[in-house]
Amino acid sequence: MKATEKRGYFGEFGGSSVPSDLQNVLDILEENFYRYKDDEEFNRELNYYFEEYVGRKSPLYFAENLTKQCGGAKIYLKREDLNHTGSHKINNVLGQILLAKRMGAKRVIAETGAGQHGVATATVCAMFGIDCTIYMGAEDTKRQSLNVFRMELLGAKVVAVEKGQGRLKDAVDEAFADLVKNYEHTFYLLGSAVGPHPFPSMVKHFQSVISKESKKQHLAKEGKLPAAVLACVGGGSNAIGAFAEYIDEHNVRLIDVEPDQAPTLTEGRPGNLHGFRCIVLQDEEGTPLPTYSIAAGLDYPGVGPEHSYLKTSGRAEYVTVTNEEVLEGFQTLSKVEGIIPALESAHAVAYALTLAPALSAEDSIIVNISGRGDKDVEQVFAMLKK
Amino acid sequence: MTLQTAMESAIKSGEKAFVPYIMAGDGGLSILRETILRLQHLGVTAIEVGIPFTDPVADGPTIEKAGERALANGVNLRNVLAALKEFAHEVKIPLVAMTYLNPILAYGAAAFAQDAYEAGIRGLIVPDMPLEESSIIHTELSEKEISLIQLVSLTSPTERIAKLAAASEGFIYAVTVNGITGARSVFSNDLAPHFANLKSYSALPVLAGFGISTPEQVEAFGSFSDGVIVGSKIVDALAHNDWETIESLVKASKHAEVN
């Protein structure tokens, strides 16, 4: 068992606590991930698709208007919203599908919250001709009906999960149940930096392209590192990708922004959920608490194990923003910069509006725009009318 | 009586062990006593008591639904143990709790072991706690003579099967079909050698679980295992107050062929 090697642990967090059958599947996955992650041919193929299919690298855009309006630190936007399929999710999905191909998978399954990961998964499955099933909470299919249609258009089967709250957590449950039943030919393409080892390490590996690029780009523009990197956090895939290259740069502040309606990191405590140890938003009896974020992608009572560790070790900062602040961030970025961010990313924008004025004009910060807001326009329209 | 002793005495008497699974709190905690005492009266060897949890990654649809009904009744680990404790003096057979890791962590290992013991719990199954992590609770359980039962998947690599079988306490819970719990109609034909293989790693009784739903299957499994655990079918029968089905399953274990 690999856990004894402490691979897949971040301090006390991470690991793999799953039924024995599932552990066998994870062992095989782990073996393949470590076999291919630094393989030259694998990375050549991945980079080819990053450039030719996704349109990487994504710009690090100096938001001059927003900077002027806020006063204070220069605000740079890492434009993951410009990726094919409209979010950072495609980075990880491409990496994992190339792994799935090498493992001979006939079928891919995935969970999705806002639908971004589902769309990204359906997209690469269409391109590689692999059968695809997406699990999505029933409540989320209503909030993001356009993304459901998008996935179906791409040839995926979308299963609306009615159990529980009908949200991301419930979709994860169903996807794992499917994997345990069908692991012989099925690859679970997990989209967030959560779940049992090796998923968090794998998702981080493929998402770290974000900070690999942004670090070079920022150095080229400013000749130094940023004062802070901001990202929204639900499970934490865009945040861990945006942070990865800065974790050892102790002068760079890492700031995770979460909804005050799903304040896992700010109010949770260590626990075990979905097969790994992390900070869990839970009651006294160890039952995960319901979450009510306006952003489906952040509606999760757990968080990636490395984020849990970055919090308890004090390396990263965790802040919450209110729905009103998020809507303000959403509208401000749209009006001032002509960029409509995803509601998830608008959390990071919202905190930037507070942080930038508090910093010196000599400083600069990077805000990770993890996705574009087209999917949310209808929901925001309804919220603003109220 | 420890779990292992109970299993062994059932087997020595020429029968096969029969362990029904029930979801505590399905139908309300008020019926828990009656359900357990009635099963005891039917002559079951032990009872596996499932604790409802919001994210039951190892449960099939029938048990998951029962769990949701129980959760809707406000049932949790703490109030199940409290309910069991009230009639523990009437229960002569060992109870085996099945719960996920997080509620135990929230409870605290020592407090859990103490309350579980007082509730008549003699065995524990934690499907999402790997063997390598069992030190979180193992000492506390041992002090109360509560057996930590390992699930052994027959599809695991040999090395892992050997390790789990050797570490299990009370009995070995052999998972007979891939994956999660639920009633199945088809079984692999080549199970018998797997059970023989398990026996070579441990002197403990080996019980077959996951997917047994008919008296015929109970008998068939009896020919190469020490008994069976029946989950989904029992949960379903209890939800419909169908004691006839339950009785026929228990009876089948009494005349299962002894090898």
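No experiment lies behind these values; they were computed from the predicted model shown.

Trainee: Teacher, can you tell me more about the overall build of chain A here?
Mentor: Looking only at helices and strands, chain A has 16 helices and 14 strands in total. The principal-axis extents of the C-alpha atoms in chain A amount to approximately 55 × 50 × 45 Å. For chain A, the proportion of its 386 residues judged to be buried stands at 66%. When contacts within chain A are restricted to residue pairs at least 6 apart in sequence, those whose partners lie at least 24 apart make up 75%. Entry remark: accessible area of chain A is about 13,600 Å², with carbon and sulfur atoms responsible for 49%. A gap of 3 Å separates the mean positions of the 41 positive and 52 negative side-chain charges of chain A.

Trainee: How should the UniProt feature "domain: Tryptophan synthase beta chain-like PALP" (unreviewed entry) in chain A be read in this particular structure?
Mentor: The positions UniProt marks with the feature "domain: Tryptophan synthase beta chain-like PALP" (unreviewed entry) are residues 55-371 of chain A. Its end C-alpha atoms 14 Å apart, residues 55-371 of chain A is made of 43% helix and 20% strand.

Trainee: Help me out: how do you make sense of the sheet that holds strand 10 (residues 253-259) of chain A in this one?
Mentor: Paired through backbone hydrogen bonds, the strands of a sheet run either parallel or antiparallel to each other. Residues and elements named next belong to chain A. With mixed pairing, six strands are arranged side by side in an open sheet as 3-4-14-9-10-13. Each edge of the sheet is formed by a strand with only one pairing partner; in this case those strands are strand 3 (60-62) and strand 13 (316-321). Strand-to-strand twist across the sheet, computed as the mean angle between neighbouring axes with direction ignored, equals 25°. Summarising the sheet, strand 9 (residues 228-232) and strand 14 (residues 364-369) pair through three bridges and their orientation is parallel.

Trainee: Hey, could you run me through empty space enclosed by the protein in this one?
Mentor: Empty space among the atoms becomes apparent when a probe as large as a water molecule is rolled across them. One pass over the full model with this rule turns up 13 cavities of 30 Å³ or more. Taken as a whole, the largest cavity holds about 330 Å³ of empty space. What lines the largest cavity is a set of 32 residues, and nearest its centre among them are His88, Lys89, Ser237, Gly297 and Glu344 of chain A. Taken together, the elements giving at least two residues each to the lining of the largest cavity come down to strand 5 (107-112), helix 5 (116-128), helix 8 (168-182), helix 11 (237-243) and helix 15 (343-358) of chain A. Its residues assigned to classes, the lining of the largest cavity comprises 10 nonpolar, 18 polar and four charged. The residues that make up the lining of the largest cavity include at least three from each of domain 1 (10-47 + 88-203) and domain 2 (55-87 + 208-385) of chain A. If you add up the space inside the second largest cavity, you get close to 160 Å³. Along the wall of the second largest cavity there are 16 residues; nearest its centre are Val126, Pro127, Met129, Gln150 and Leu151 of chain B. Broken down by secondary-structure element, the contributors of at least two residues to the lining of the second largest cavity are helix 1 (20-36) of chain A together with helix 8 (158-167) of chain B.

Trainee: Even after reading the chapter, I still don't get the sheet that holds strand 8 (residues 186-188) of chain A, so can you show me in this structure?
Mentor: Residue and element names in this part refer to chain A. The four strands are arranged 7-6-5-8 in an open sheet whose pairing can be described as parallel. Either end of the sheet is taken by a strand with one partner, and the two such strands are strand 7 (157-161) and strand 8. In this sheet, adjacent strand axes meet at a mean angle of 25° when their direction is disregarded. Two elements, strand 5 and strand 6 (residues 131-137), share six bridges in a ladder whose sense is parallel. Note on strand 6: the bridge partner recorded for arginine 107 is aspartate 131.

Trainee: I would appreciate a short explanation of the interface of chain A and chain B in the present structure.
Mentor: Many authors give the size of an interface as the accessible area that is lost as the parts come together. Of the residues lining the interface, 33 residues belong to chain A; the matching set on chain B comes to 32 residues. Taken over both partners, the interface formed by chain A and chain B buries close to 2,600 Å², and the fraction arising from carbon and sulfur atoms is 50%. Our count for the chain A to chain B interface comes out at two salt bridges. Arginine 78 of chain B is the salt-bridge partner of glutamate 285 of chain A, the closest N and O atoms lying 3.0 Å from each other.

Trainee: Is there a simple way to explain the pattern of salt bridges in this structure?
Mentor: Between side chains of opposite charge, a pair can form when the charged atoms approach closely. Residue and element names in this part refer to chain A. Summed over the entire model, instances satisfying the criterion amount to 33 salt bridges over all chains. Where glutamate 222 meets lysine 74, a salt bridge forms, and the shortest distance between an N and an O atom there is 2.8 Å. With glutamate 222 in helix 10 (residues 209-222) and lysine 74 in strand 4 (residues 74-79), this residue pair connects regions lying 148 residues apart in the sequence. Assessed through its relative accessible area of 29%, lysine 74 is described here as partly exposed.

Trainee: Sorry if this is basic, but what is going on with the domain arrangement of chain A here?
Mentor: All names here are of chain A. Its domain assignment divides chain A into domain 1 (10-47 + 88-203) and domain 2 (55-87 + 208-385). Each side of the interface is counted separately: domain 1 has 38 residues, and domain 2 has 45 residues. Counting the contacts that link domain 1 with domain 2 gives three salt bridges. For the salt bridge of arginine 167 with aspartate 299, the shortest nitrogen-to-oxygen distance reads 2.5 Å. Inspection of the domain 1/domain 2 interface yields 18 residue pairs in polar contact (both at pLDDT 80 or more). At the level of secondary structure, the elements contributing two or more residues to the side of domain 1 that touches domain 2 comprise strand 2 (13-14), helix 4 (89-102), helix 5, helix 6 (138-143), helix 8 and helix 9 (199-207).

Trainee: Quick question: what am I supposed to make of the nonpolar core here?
Mentor: One broad rule of soluble globular proteins: the nonpolar side chains tend to lie buried together. If you look at the biggest cluster of nonpolar residues, it comprises 90 residues, and the most contacted ones within it are Phe112 and Leu124 of chain B. Among the elements that line this core, the one with the most residues is strand 1 (residues 17-23) of chain B, at six residues. Those residues in contact with leucine 124 of chain B that sit more than four places away from it in its chain are Val96, Ala97, Thr99, Ile104, Phe112, Ile137, Leu141, Ile146, Ser147, Leu148 and Ile149 of chain B. Core analysis: the second largest hydrophobic core is formed by 85 residues, Phe50, Ala156, Cys278 and Val280 of chain A among them.

Conventions adopted
- Residues numbered from 1 in each chain as written.
- Chains lettered and ligands numbered in written order.
- Predicted model: local features only at pLDDT ≥ 70, side-chain atom pairs only at ≥ 80, totals over all residues.
- Heavy atoms only, no water.
- Helix = DSSP H or I, 4+ residues; strand = E, 2+ residues; numbered from the N terminus.
- Buried < 20%, exposed > 50% of the residue type's maximum accessible area, 1.4 Å probe, protein only.
- Contact = heavy atoms within 4.5 Å.
- Areas by Shrake-Rupley, 256 points an atom, 1.4 Å probe, with all protein chains shown as cover.
- Lys, Arg positive; Asp, Glu negative; His and termini not counted.
- Charge placed at Lys NZ, Arg CZ, Asp CG, Glu CD.
- UniProt positions renumbered as here; feature names shortened; annotations may be inferred.
- Pairing = 2+ DSSP bridges.
- Axes fitted to C-alpha atoms, helices over the stretch in contact; angles between N-to-C directions.
- 1 Å grid on protein atoms, 1.4 Å probe; cavity = no way out; pocket = protein on both sides within 12 Å on 5 of 7 lines; lining within 4 Å.
- Points joined across faces, edges and corners; volume = space filled by probe spheres on them.
- Nonpolar A, V, L, I, M, F, W, Y, C, P; charged D, E, K, R; others polar.
- Domains from an automatic or database assignment.
- Buried area = accessible area lost by both parts, 1.4 Å probe.
- Salt bridge = Lys/Arg side-chain N within 4 Å of Asp/Glu carboxyl O.
- Polar contact = N/O pair within 3.5 Å; in protein donor to acceptor, adjacent residues only side chain to side chain.
- Core = buried A, V, L, I, M, F, W, Y, C linked by side-chain atoms within 4.5 Å.

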